[in-house]
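# Residue-level structural notes
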Amino acid sequence: MEKVIELEDVWVRYGNQTVLEAVNLELKEPNGLLGIIGPNGGGKTTFLKVLLGLLKPYKGSVKIFGKPPEKSRDLVGYVPQYRRFDFDFPISVWEVVLTGRMSHTGFLKKYSEEDKKAAEEALKTVEMFQLKDRQIGQLSGGQRQRVFIARALATNPKLLLLDEPNSGLDPHMQDELYRLLNRLKREMAIIMVTHDLSAVSVYVDRIACLNRTLHYHNSKEIPVEDLEATYQCPVELIAHGVPHRVLERHKGSS
């Protein structure tokens with residue numbers, strides 16, 4: 001079976017600063033949800049950019065479905081952080097999702113019936129087709145996130161990458177998001193970068209810790225020492241799908 005992801009001894013630098021160090025990851029399963037947790041500045045977004053081929057490591061090998069990332073982009077859907085998105089911009093839900101087809105059409109070509117069908121199916125998958133004519137700024141945070149996921153799904157990906165998709169969502173909206181991902185992971189491989197430790201212990205199939213280096217055990221149970229190495233403070237184990245106390249009280253906490 002073709003491997004979804006193969007990273008071997010991957011190093012990434014910004015100038016003289018090493019952001020990723022000796023990262024190794026092999027993901028064989030064509031479906032399921034992998035959660036990537038770690039502190040701010042630990043390299044999680046950089047890690048996703050490497051998978052997308054937007055950043056090239058100065059050392060190491062990266063393959064997505066057996067090919068270099070830049071040659072596999074048509075197989076990958078990406079939901080970046082949208083904190084700087086201008087929600088006052090006059091664009092509809094339908095138009096946002098159609099932009100996900102630009103990798104197929106190019107910027108200057110008209111959308112085909114195939115593109116429109118893909119956008120329709122993506123919106124129906126996330127249960128947002130009934131709001132397709134609504135201006136994007138008129139939606140709630142949870143609805144917007146579903147639209148952005150639909151935009152990524154419009155490419156019919158085999159791998160879906162999400163960067164902090166639950167950021168800014170209230171607990172109810174987060175629960176809806178995780179339920180959606182729980183459905184999608186049956187059909188594709190999903191990698192989600194998140195700070196939500198308690199949620200990933202319930203919803204993900206596998207967890208990896210990333211703070212410059214990557215700790216991955218192909219499991220949702222992580223040794224305490226790996227969590228402590230990642231967060232650099234005492235951490236209690238998340239295990240058996242039940243979130244316990246995650247971070248013990250330590251110096252600097254209130």
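Note that the structure is predicted; figures quoted are calculated from it, not measured.

Next up on the list: the confidence of the model for the protein. When pLDDT is averaged across the protein, the result is 84; 80% of the residues are at 70 or more. A low-confidence stretch, residues 234–254 (pLDDT under 50), is modelled with 40 contacts involving residues beyond four sequence positions or located in other chains.

Attention shifts here to the packing of aromatic side chains. Counted by the stated rule, this structure contains two aromatic pairs. Ring geometry for Trp11 and Tyr58: centres 6.4 Å apart, planes at 70 degrees, overall edge-to-face. In this pair, Trp11 is assigned in strand β1 (residues 5–14) and Tyr58 in the loop between α1 (44–52) and β4 (59–64), connecting sequence segments 47 residues apart. When its relative accessible area of 18% is taken as the criterion, Trp11 is described as buried. Here the guanidinium or amino end of Lys124 rests over the ring plane of Phe129, the centre of that ring lying 5.2 Å away.

The next subject is the sheet that holds strand β8 (residues 206–211). In space, the six strands of this open sheet follow the order β5-β6-β7-β3-β8-β9, with mixed pairing throughout. Either end of the sheet is taken by a strand with one partner, and the two such strands are β5 (76–79) and β9 (213–216). The average angle at which neighbouring strand axes cross in this sheet is 20 degrees, direction not considered. Here strand β3 (residues 32–37) pairs with β8 via four bridges, running parallel. Its bridge partner being in β8, Ile37 is matched across the sheet by Cys209. α1 rests against β3, β5, β6 (159–163), β7 (189–194) and β8 of the sheet, and its axis sits at about 150 degrees to β6. Taken strand by strand, helix α5 (residues 141–153) contacts β5 and β6, and its axis lies near 160 degrees from that of β5.

Another aspect to go through is helix α4 (residues 113–125). Look at α4: 18 Å from first C-alpha to last across 13 residues, which is about the 18 Å you get at 1.5 Å a residue. Within α4, burial applies to Asp115, Ala118, Ala119, Ala122 and Leu123. Projection of α4 onto a plane perpendicular to its axis shows the buried side chains occupying an angular sector of 130 degrees, all on one side. With respect to the buried face of α4, the exposed residues turned more than 90 degrees away are Glu113 and Glu114.

A few words on the pattern of salt bridges. Tallied over the entire structure, the rule returns 12 salt bridges. We note a salt bridge from Glu113 to Lys116, for which the minimum N-O separation is 3.8 Å. Placement of the pair is Glu113 and Lys116 together in helix α4, with a separation of three residues, close to one helical turn. The class of Glu113 is exposed, set by a relative accessible area of 60%. Looking at Lys116, the relative accessible area reads 33%, which means it is partly exposed. A salt bridge links Lys185 to Asp205, with the shortest nitrogen-to-oxygen separation between them at 3.1 Å. Remark: Asp205 occurs in the loop between α7 (197–203) and β8 and Lys185 occurs in the loop between α6 (171–184) and β7; sequence separation between them is 20 residues.

The next subject is the side chain of Asn166. Following the sequence through the fold, Asn166 ends up in the loop between β6 and α6. For Asn166, a relative accessible area of 6% corresponds to the buried category. Excluding its chain neighbours within four sequence positions, the residues that come into contact with Asn166 are Gln174, Leu177, Tyr178, Thr194 and Asp196.

Rules behind the numbers
The residue numbering used here restarts from 1 in each chain and proceeds along that chain's sequence as written. Where local features are concerned, this predicted model is filtered to residues with pLDDT of at least 70; where side-chain atom pairs are given and counted, the filter is 80 or more; whole-chain, interface and lining totals use all residues. To get the side-chain values, take all heavy atoms of the structure and skip hydrogens and water. Confidence of the predictor in every single residue is expressed as pLDDT, which spans 0 to 100. Only heavy atoms enter the contact rule, under which two residues are in contact if any of them lie within 4.5 Å. Between 30 and 60 degrees the pair is tilted, below 30 it is stacked and above 60 it is edge-to-face, where a pair is any two Phe, Tyr or Trp rings, Trp via its six-membered ring, whose centres lie within 6.5 Å. Labels follow the DSSP assignment, with helices taken as runs of H or I lasting at least four residues and strands as runs of E lasting at least two, numbered in each case from the N terminus. Each residue's exposure class comes from its accessible area (1.4 Å probe, protein chains only) as a fraction of the maximum for that residue type: buried when under 20%, exposed when over 50%, partly exposed otherwise. Two limits define a charge over a ring: the Lys NZ or Arg CZ must be within 6 Å of the ring centre, and within 35 degrees of the ring normal. By the convention used here, strands pair only if DSSP detects at least 2 bridges between them. What counts as an axis is a line fitted to C-alpha atoms, over the stretch in contact for a helix, and the angles between N-to-C directions run from 0 to 180 degrees. The span expected for a helix works out to 1.5 Å for each residue beyond the first. This arc is built from the directions going out from the helix axis to the C-beta atoms. Salt bridges are counted wherever a side-chain nitrogen of Lys or Arg sits within 4 Å of a carboxyl oxygen of Asp or Glu.

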